[in-house]
Amino acid sequence: MPFTLDNQLDLLFPSEYIPEDVKSQLHPDLHIRPLASSDYRRGHLDILSVLTVVTDPGEDAWIAQFNAMRAAPKTYYSIVIVDKKSDRIVAVGTIFIERKFLRGLGSVGHIEDIAVDKNQQGKKLGLRIIQALTGISENSGCYKTILNCSDSNIPFYQKCGYEKKENEMTPRL
Ligand code: ACO
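What this report covers is the structure whose coordinates are included nearby. Numbering of residues starts from 1 in every chain and runs along the sequence as written. For this predicted model, a pLDDT threshold of at least 70 governs which residues receive local features, and a threshold of 80 or more governs which side-chain atom pairs are given and counted, while totals over whole chains, interfaces and linings are taken from all residues. Side-chain figures throughout are based on the complete set of non-hydrogen atoms in the structure, without hydrogens or water.

Basic side-chain nitrogens of Lys or Arg form a salt bridge, by our definition, when they fall within 4 Å of a carboxyl oxygen of Asp or Glu. One pass over the structure, following the stated rule, counts 9 salt bridges. Here Glu-20 ties to Lys-23 by a salt bridge, and the two come within 3.5 Å at their closest N and O atoms. Taken together, the residues span about one helical turn, with Glu-20 and Lys-23 both in helix α1 (residues 20–24) at a distance of 3 residues. Judged by its relative accessible area of 22%, Lys-23 is partly exposed. Residues joined by salt bridges that share partners form a network here, namely Arg-33, Asp-39, Arg-42 and Asp-87. Numbering of helices and strands runs from the N terminus; a helix is a DSSP stretch of H or I covering at least four residues, while a strand is a stretch of E covering at least two. The rule is simple: take the accessible area with a 1.4 Å probe, protein chains only, and divide by the maximum for that residue type; under 20% is buried, over 50% is exposed, in between is partly exposed.

Now the structure itself:
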């Protein structure tokens, strides 16, 4: 598939929300942009499966989920890095903006589902995804940006400028 420009795609949110300085630091063969309604065909689920078990729902159900996310404006920001030569996705990540009643009707950014193609790891794509999502969170006015990760990923997030704070709790099995 030839590389498709942002203005020819049906995007989850406007491209301008992704900070320019993050865009400009990517290798010229790569492009960072919002998730598009046609990204099922660019291997979106293949990259997510680097992170965890992915059950393919089929393209129609994938698009219905995309549309449901877009119907909640200023809430779901999923981004992808695309290899321009193949027009395939090589990295993904999401920030979910949670609205609150406290802190003067404040918002919290939750970073979720970060994954980089195994063949592309170690080339700072994960870092660029985190920088872009953190920028979106800050530009959305969030008073904090948080994420959960395994112990083995702590060094990666520290390299991205994050620090360990508080604990995660989950129901005992
Ligand atoms: N341990 C130590 N250092 C690491 C690790 C690690 N596991 N991963 C990356 N780093 C370092 C890199 O060496 C680099 O350091 P440098 O600046 O000194 O060169 C820095 O962190 C940035 O690394 P990137 O090249 O940007 O990392 P990459 O593109 O490989 O992405 C990621 C990292 C996302 C963890 C990738 O390895 C991956 O997809 N792993 C499998 C899925 C996963 O675990 N995702 C995160 C789940 S947590 C969540 O989603 C909120």
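Okay, the site of the ligand next. A cutoff of 4 Å decides nearness: a residue is near a molecule or strand if any of its heavy atoms lies inside that distance of it. Close to the ligand lie 22 residues, the nearest being Ile-114, Val-116, Lys-124, Gly-126 and Leu-127. One nitrogen or oxygen atom from the main chain of Gly-126 is found 2.8 Å from an oxygen atom belonging to the ligand. Burial of the ligand by the surrounding chains reaches 72%, relative to a free accessible area of 970 Å². Among the elements of the structure, β4 (107–116), α5 (125–139) and α6 (154–159) are those that each provide at least two residues to the shell around the ligand. Counting residues per element, the shell around the ligand draws most heavily on β4, which supplies 5 residues. Partitioning the shell around the ligand into residue classes produces 12 nonpolar, 6 polar and 4 charged. Any N or O atom pair separated by 3.5 Å or less is treated as a polar contact, with the protein-specific requirement of one donor-capable and one acceptor-capable atom, and with residues adjacent in sequence counted only for side-chain atom pairs. Using a 1.4 Å probe, accessible areas were evaluated by the Shrake-Rupley method; residue-level cover was limited to the displayed protein chains. Here the nonpolar group is Ala, Val, Leu, Ile, Met, Phe, Trp, Tyr, Cys and Pro; Asp, Glu, Lys and Arg are the charged ones; every other residue, Gly included, is treated as polar.

Further remarks concern helix α3 (residues 59–70). The span one expects for a helix is its residue count, reduced by one, times 1.5 Å. With 12 residues, α3 should reach 16 Å at 1.5 Å per residue; the first-to-last C-alpha distance of 16 Å fits that figure. Listed as buried for α3 are Glu-59, Trp-62 and Phe-66. Buried residues in α3, looked at end-on, bunch into an arc of 60 degrees, giving them a common side. Contacts between residues were defined by any pair of non-hydrogen atoms, one from each residue, lying within 4.5 Å. Of the surrounding elements, those touching the buried residues of α3 are α2 (44–48). Directions are taken from the helix axis to each C-beta atom, and the arc is the one they span.

Here the focus is the pairing of strand β3 (residues 88–99). Strand pairing is assigned whenever DSSP identifies at least 2 bridges connecting the two strands. When strand β2 (residues 76–83) meets β3, the two strands line up antiparallel, connected through 8 bridges. Along β3, the bridge assignment pairs Val-80 with Val-92. Taken together, the 8 bridges between β3 and β4 define a ladder with antiparallel strand orientation. Among the inter-strand pairings, Val-92 is bridged to a residue of β4, identified as Ala-115.

We now examine the sheet that holds β4. Spatial ordering of the open sheet is given by β1-β2-β3-β4-β5, a layout of 5 strands whose pairing is mixed. Edge positions in the sheet fall to β1 (30–34) and β5 (144–146), since each has one partner strand and no second. Averaged over all neighbouring strand pairs, the angle between strand axes comes to 20 degrees, with direction disregarded. With 3 bridges joining them, β4 and β5 adopt parallel strand pairing. Bridge assignment links His-110 to a residue of β5, and that residue is Ile-146. For every element, the axis is a line fit to its C-alpha atoms; helices are fit only across the contacting stretch, and the angle between N-to-C directions ranges from 0 to 180 degrees. Along the sheet, α5 makes contact with β1, β2, β3, β4 and β5, crossing β3 at roughly 25 degrees.

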